[in-house]
Amino acid sequence: MNSVQQLLDQAQYHQQQGAIDKSMALLGEAGKLGNIYAALDFAYYKVRSDAKFALIYLQSIPNAQHPTVRYHTALITRFYVEENFSRSVISELVALAQSGHAESLLVLSCWCSEEEKVYLQIVSVMAKLSPNIYRQLVNDDRVLVSTSLEPLDESSIERAIRAREAKLRSLEHEMLNEDISLVRVKNALSAFECRYLQQRFIPLLTRSMVANPADGSPLVDSIRTSDVGVILSEMADWIVRDIDTRMANISKTKTSHGEPLNLLRYQKGQEYKAHYDAFSHKQCQQTELIEEGGQRAHTVLAYLNSMSSDGETHFPKIDVKIKPEQGTIVSFKNIDENNEILKLSLHLGAPVANGEKWTLTKWIRIHQTQYGILTHGN
Ligand SMILES: O=C(O)CCC(=O)C(=O)O
Ligand SMILES: [Fe+2]
């Protein structure tokens, strides 16, 4: 019989040969023998075509009750099967959170608004049981770390989550310009989500690039001087998936057509000069670009902090300037129905005069992307 190590070695060999199905099947076997990470890799590989199969598999492995496996089982149920919070998923997250599982505590803190009493209960548990994560990602002055551990109140948590779902469903979509379907939605992200994205993904930041007009290769250019962090599929946790899906819904596009989310940080003096997000005709002929979903049809931006009078997103041809306000999402079209660039979509991120400006950009292609399929399935 094969040992776990032999299975992992064989899986790596087949992966290098490009035999992905075979490689994943071996990881599935290693998972059945007790390797959690192999089991999760296999489950996430399968989930894109058959979510129920992935769930049955995870329930069949010897570590089905390990907190990491339970958390991913809940995530797969929520994002691939039910597409909403069911009562049983909430219940599972609460049980995991109560035992100190950091990711579950983060998801619940994110979904229970900071004004809710239950939010303080959740972050108090985090302060006690996951103090490092608490300090990095939450750090709320109202929490007294010495307080004894209160049991989490499941029904208050469910009520808070339902209230947030209802609030997100009823947000006003303001049409700022019909020609490019420029829509603004205020309060689409909570302050917690905005802080979370900055603090969790700050280590990803590097100097921004633009696509070389000649061959599409990445190029440093004075047109875009911010730093960028690309949140790849393997980093797309519960909170990121949720925001990614919300951005797709606001732009009425498919999650499977999205590029990875780009976290942008502009420091004093940095800017993104006037540009189109759509690719040029020449770029559109590159095989790599075609294989990655083709033309960029839509752009969705989220502002993660508010600016007083600088750093606005300016659309000079339609005379619209958008002031960055924390939690606001903006969506617009880059091309018309014949896939021609909409000239009115020309826009710029004005220079930052003071402090920093943080945004999240999602570009959406006309066809499926690798990231879209990997993260959300077909
Ligand atoms: O930062 C802004 O206001 C604009 C960003 C932008 O144009 C982009 O990311 O494509
Ligand atoms: Fe842009």
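Parameters and conventions
Residues numbered from 1 in each chain as written. Chains lettered and ligands numbered in written order. Predicted model: local features only at pLDDT ≥ 70, side-chain atom pairs only at ≥ 80, totals over all residues. Heavy atoms only, no water. UniProt positions renumbered as here; feature names shortened; annotations may be inferred. Helix = DSSP H or I, 4+ residues; strand = E, 2+ residues; numbered from the N terminus. Pairing = 2+ DSSP bridges. Contact = heavy atoms within 4.5 Å. Axes fitted to C-alpha atoms, helices over the stretch in contact; angles between N-to-C directions. Donors = N, O, S within 2.8 Å, 3.2 Å for Na, K, Ca; no water. Tetrahedral: all angles 85-135°; square planar, octahedral: opposite > 155°, others 65-115°. Buried < 20%, exposed > 50% of the residue type's maximum accessible area, 1.4 Å probe, protein only. 1 Å grid on protein atoms, 1.4 Å probe; cavity = no way out; pocket = protein on both sides within 12 Å on 5 of 7 lines; lining within 4 Å. Points joined across faces, edges and corners; volume = space filled by probe spheres on them. Nonpolar A, V, L, I, M, F, W, Y, C, P; charged D, E, K, R; others polar. Near = heavy atom within 4 Å. Polar contact = N/O pair within 3.5 Å; in protein donor to acceptor, adjacent residues only side chain to side chain. Sits in = over half its atoms within 2 Å of the grid points. Core = buried A, V, L, I, M, F, W, Y, C linked by side-chain atoms within 4.5 Å.

Colleague: Please clarify how the UniProt feature "domain: Fe2OG dioxygenase" (unreviewed entry) in the protein should be interpreted in this entry.
Modeller: Taking the UniProt record as the reference, the feature "domain: Fe2OG dioxygenase" (unreviewed entry) is found at residues 256–366. Between the C-alpha atoms that bound residues 256–366 the distance is 10 Å, and the span itself is 8% helix and 37% strand.

Colleague: It is not clear to me how the sheet that holds strand β1 (residues 174–177) should be interpreted in this structure. Could you clarify?
Modeller: Backbone hydrogen bonds are what pair the strands of a sheet, in a parallel or an antiparallel way. Read across the open sheet, the 8 strands follow the order β1-β2-β12-β9-β14-β7-β6-β3; overall the sheet is antiparallel. Whereas interior strands pair on both sides, the edge strands pair on one side only; in this sheet they are β1 and β3 (206–207). As defined by bridge partners, strand β9 (residues 296–303) adjoins strand β12 (residues 329–333) across 5 bridges and the pair is classed as antiparallel. Bridging from a neighbouring strand, Val300 pairs with Ser331 of β12. Seen against the sheet, helix α12 (residues 238–250) touches β2 (182–185), β6 (227–231), β7 (261–266), β9, β12 and β14 (357–365) and runs at an angle of roughly 65° to β14.

Colleague: Please clarify how the coordination of the iron ion (ligand 2) should be interpreted in this entry.
Modeller: Think of it this way: four donors in a tetrahedron around the metal ideally sit 109.5 degrees apart, and six in an octahedron ideally sit 90 or 180 degrees apart. Taken together, His275 (NE2), Asp277 (OD), Asp277 (OD) and His347 (NE2) make up the protein donors of the iron ion (ligand 2), found 2.1 to 2.8 Å from the metal. Bound by 6 donor atoms, the iron ion (ligand 2) shows angles of 51 to 171° at the metal and therefore irregular coordination geometry. Read N to C, the donor residues that coordinate the iron ion (ligand 2) are spaced as H-x1-D-x69-H. A residue pair is termed long-range when its members are at least 10 positions apart, and Asp277 in the loop between β8 (272–275) and α13 (281–284) and His347 in strand β13 (residues 347–349) qualify at 70 residues. The exposure classification of Asp277 matches that of His347, with both residues buried.

Colleague: Sorry, what's going on with empty space enclosed by the protein here?
Modeller: Here the idea is plain: a probe the size of a water molecule rolls over the atoms and shows the empty space left. What the rule picks out here adds up to 1 cavity of 30 Å³ or more. One number sums up the size of the largest cavity: a volume of about 130 Å³. Lining the largest cavity are 16 residues, and of these Tyr266, Tyr272, Leu301, His347 and Thr361 sit closest to its centre. Broken down by secondary-structure element, the contributors of at least two residues to the lining of the largest cavity are β7, β8, β9, β13 and β14. Looking at the lining of the largest cavity, the element that brings in the most residues is β14, giving 4 residues. For the lining of the largest cavity, the class distribution of residues is 7 nonpolar, 7 polar and 2 charged.

Colleague: Any chance you could explain the site of ligand 1 here in plain terms?
Modeller: Around ligand 1, the neighbouring residues are Leu264, Tyr266, Tyr272, His275, Asp277, Leu301, Thr313, His347, Gly349, Lys357, Thr361 and Trp363. Contacts to ligand 1 include Thr313, whose side-chain N or O atom sits 2.5 Å from an oxygen atom. In the environment of ligand 1, an oxygen atom lies 3.5 Å from a nitrogen or oxygen atom belonging to the side chain of Trp363. In this structure, ligand 1 is accommodated by the largest cavity. For the shell around ligand 1, the secondary structure elements donating two or more residues are β7, β8, β13 and β14. Element by element, the count of residues in the shell around ligand 1 is highest for β14, at 3 residues. The class makeup of the residues in the shell around ligand 1 is 5 nonpolar, 5 polar and 2 charged.

Colleague: Before we go on, may I ask you to explain the nonpolar core in this structure?
Modeller: Nonpolar side chains tend toward joint burial in soluble globular proteins. Of all hydrophobic cores here, the largest spans 86 residues; its most connected members are Phe85, Ile157, Trp238 and Leu360. No other element matches helix α3 (residues 36–47), which puts 9 residues into this core. Apart from the residues lying within four places of it in its own chain, the contact partners of Trp238 are Tyr71, Ala74, Leu75, Arg78, Phe79, Phe85, Val89, Leu93 and Val107. Grouped together as the second largest cluster of nonpolar side chains are 11 residues, Leu182, Tyr303, Phe315 and Phe332 included.

Colleague: Where do I start with the layout of surface pockets in this structure?
Modeller: In this structure, the second largest pocket encloses a volume near 820 Å³. Around the second largest pocket, the lining comprises 30 residues; the ones closest to its centre are Arg78, Glu83, Thr245, Arg246 and Asn249. If you list the elements that add at least two residues to the lining of the second largest pocket, you get α5 (67–82), α10 (154–169), α12 and α15 (370–376). No other element matches the 7 residues that α12 contributes to the lining of the second largest pocket. Taken together, the residues of the lining of the second largest pocket sort by class into 10 nonpolar, 11 polar and 9 charged.

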